[in-house]
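What follows is the residue order along each chain.
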Amino acid sequence: MNIEKMKRAWYPLIPSKQLKDKPVHRELLGQQLVLVRLNGQAACMDDCCPHRHVPLSAGKIVSGKLQCCYHGWEFDAQGKVLTVVGGMCACEEAESVPTFPCREYDDWVWVCLVSDIPFEPYADFEAPEGFETANAVRYMEGDFIHAIENFLDPTHTRYIHAKLLRNNGKQSMQISQSHHERGFVTHYRLNQQQNGLINKLFDKGITVNDAAFTFPGLVRIDYFTPNSHEYRISAFFIPQSKGSMGLNVRVHFPKSRFPLPIKFHLFRPFLERLMVQDSAIIKSQYHHHKEHYANRPYCSTTNDLVIDHLLHLFLENMPEGIDKTGEMSL
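Throughout, a residue's number is its position along its own chain's written sequence, starting from 1. Only residues with pLDDT of 70 or above have their local features reported here, since the model is predicted, and side-chain atom pairs are shown and tallied only from 80 upward, although totals for entire chains, interfaces and linings are computed over all residues. Each side-chain value is derived from all of the structure's non-hydrogen atoms; neither hydrogens nor water enter the calculation.

Okay, unusual backbone geometry next. Most peptide bonds are trans, and most residues other than glycine sit at a negative phi. Going from Phe215 to Pro216, the amide bond is cis rather than trans, its omega being 15°. To qualify as a helix, a DSSP run of H or I must reach at least 4 residues; to qualify as a strand, a run of E must reach at least 2; elements of each kind are numbered from the N terminus. Its place among the elements puts Pro216 in the loop between strand S14 (208-214) and strand S15 (218-224). One non-glycine residue with positive phi stands out, namely Asn39, at about 55°. Along the chain, Asn39 turns up in the loop between strand S3 (31-38) and strand S4 (41-46). Classification of Asn39 by relative accessible area gives exposed; the value is 66%. The phi dihedral of Asn317 is positive, around 65°, even though this residue is not glycine. One can find Asn317 in the loop between helix H6 (307-314) and strand S18 (325-329). Here the term buried applies to any residue with accessible area under 20% of the maximum for its type, exposed to any over 50%, and partly exposed to those in between, with areas from a 1.4 Å probe on protein chains only. For Asn317, a relative accessible area of 79% corresponds to the exposed category.

Take a look at the structure:
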């Protein structure tokens, strides 16, 4: 993948309310990070004490400073060493810890690995007007591109999500697709209502799905009936290291007299089950391909709607994706 391109983007690494009085470790594109709240402000730095390379995320916060757990070195939010037991050493210039751009927005802590990239909000990660939001954080093993493809792929639901999303029977839809510099959108108009358990419990007659991707890792799916916007699922895939990723999920519900915690409590077990099923097949696919078939090319069909767009966005010198239109049967 084009790692340098991916570094020049902002990622939501942790909900703001989870960054409290302890340092938190995160990994982003192979970079080890420690997130910390010092004097009320979120900060991000290299997760390595320059003294003996102990992870700073194993330390603690003392009087507004990040203290290493090994010898007590203390650092401020700019990574500058403030306290060294035994006095400053000959390598004083090397004692500062590298820091990374960090800011809080829309209840998340966002980080970029490059210093000169202005922060721009991702509208598709936010709640539509009149909606409220519940957050969840998960981790997956697998190929980053194919994990995103899985989230946007309707053709596997009959097999991986049998009974939950799909029972036997015809399912066809009219599709139209468009792309832009940073992503693409696929519009689905369903000819038949999906008939799995989730649909029987929560589907009020959904006829339209809009599924979008925005580089570097944001997937958004909206669900509509003829008269209303039922809900939105936003998922930001976080590339931690090769074969490992975080998944920051937001479920947006229309505001109502029904409390959000109860709505999410009822919906969450089904969402969790879907994620378990998808995680298992993505992990299996990744390891089987890597260990036995890494030199064998993939085969694709006309139902593979998004892979060419994703390859163009993530790999260098790949042709632009082709927008698809027409009827698709599953």
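The subject of this paragraph is the pattern of salt bridges. What makes a salt bridge here is a side-chain nitrogen of Lys or Arg within 4 Å of a carboxyl oxygen of Asp or Glu, nothing more. Applying the stated criterion across every chain, the model contains 13 salt bridges. For Asp106, the salt bridge goes to Arg250, with nearest N and O atoms at 2.7 Å. Here Asp106, found in the loop between strand S9 (102-105) and strand S10 (108-112), pairs with Arg250, found in strand S17 (residues 244-254); they are 144 residues apart in sequence, far enough to count as distant. Accessibility expressed as a relative area gives 29% for Asp106, which makes it partly exposed. Here Arg138 makes a salt bridge to Glu272, at a shortest N to O gap of 2.2 Å. On the criterion of sequence distance, the pair formed by Arg138 in strand S11 (residues 131-141) and Glu272 in helix H5 (residues 260-292) is long-range, its members being 134 residues apart. When salt bridges with common partners are traced through the structure, they connect Asp124, Arg220, Asp222 and Arg232 into a single cluster.

Of all hydrophobic cores here, the largest spans 71 residues; its most connected members are Tyr11, Ile148, Phe213, Phe237 and Phe314. Not counting residues within four places of it along the chain, the set of residues in contact with Tyr11 comprises Met6, Leu28, Leu29, Val109, Trp110, Val111, Pro216, Phe236, Phe237, Ile238 and Pro239. Put simply, buried Ala, Val, Leu, Ile, Met, Phe, Trp, Tyr and Cys residues joined by side-chain atoms within 4.5 Å make one nonpolar core. One finds Val34, Leu38, Phe75 and Val81 within the second-largest nonpolar core, a separate group that totals 15 residues. Any two residues whose heavy atoms approach within 4.5 Å at even a single point are treated as in contact.

Aromatic contacts are taken between Phe, Tyr and Trp rings whose centres are within 6.5 Å, Trp giving its six-membered ring; a plane angle under 30 degrees counts as stacked, one over 60 as edge-to-face, and the others as tilted. Counted under the stated rule, the structure contains 19 aromatic pairs. Ring centres of Tyr11 and Phe236 lie 6.1 Å apart, and the angle between their planes is 65°; on these two criteria the pair is classed as edge-to-face. With Tyr11 in strand S1 (residues 10-15) and Phe236 in strand S16 (residues 229-241), this residue pair connects regions lying 225 residues apart in the sequence. For the pair formed by Tyr11 and Phe236, the shared burial category is buried. Geometrically, the ring pair formed by Phe151 and Phe237 is edge-to-face, given 5.9 Å between the ring centres and 85° between the ring planes.

Attention now moves to the pairing of S3. On any regular strand, side chains alternate: one points to one face of the sheet, the next to the other face. Of all 8 residues in S3, 6 are buried, a share of seventy percent or more. What sits between strand S2 (residues 24-28) and S3 in their antiparallel hairpin is a turn of 2 residues, with Leu29 showing a positive phi close to 50°. Note on pairing: two strands pair once DSSP finds at least 2 bridges between them.

Read across the open sheet, the 3 strands follow the order S2-S3-S4; overall the sheet is antiparallel. The open sheet has two edge strands, S2 and S4, and neither has a second partner. Strand-to-strand twist of the sheet, defined as the mean angle between neighbouring strand axes without regard to direction, takes the value 30°. Pairing of S2 with S3, which is carried by 5 bridges, proceeds in the antiparallel orientation. Each bridged residue has a counterpart across the sheet, and for His25 the counterpart in S3 is Val34. Orientation is described by lines fitted to C-alpha atoms, with helices fitted over the stretch in contact, and by angles between N-to-C directions that extend from 0 to 180 degrees.

The next thing to look at is the environment of His288. Note that His288 resides in helix H5. Taking C-alpha positions, His288 is 30 Å from Ile198, a pair spaced 90 residues apart along the chain.

With that settled, consider the packing of helix H2 (residues 144-152) against H6. Contact geometry for H2 and H6: axes closest at 10 Å, N-to-C directions at 145°. You can see that H2 and H6 cross each other, and the crossing is right-handed. Only Ile307, Leu310, Leu311 and Phe314 of H6 make contact with H2, whose side of the interface consists of Phe144, Ile145, His146, Ile148 and Glu149. Residues belonging to the contact of H2 with H6 are distributed by class as follows: 7 nonpolar, 1 polar and 1 charged. Left-handed describes a crossing in which the near helix is turned anticlockwise from the far one by less than a right angle; the clockwise case is right-handed. Residue type decides the class: Asp, Glu, Lys and Arg count as charged, Ala, Val, Leu, Ile, Met, Phe, Trp, Tyr, Cys and Pro as nonpolar, and the leftover types, Gly among them, as polar.

Moving on, we get to a nonpolar patch on the surface. A contiguous nonpolar surface patch, about 270 Å² in accessible area, is contributed by Phe258, Ile262 and Leu266. Its location among the elements puts Phe258 in the loop between S17 and H5. What makes Phe258 partly exposed here is its relative accessible area of 42%. Each patch is built from residues lacking any salt bridge and having more than 30% relative accessible area; the joining distance is 9 Å for like charges and 5 Å for nonpolar side chains (Val, Leu, Ile, Met, Phe, Trp, Tyr). Residue-level accessible areas treat just the shown protein chains as cover; the underlying method is Shrake-Rupley with a 1.4 Å probe.

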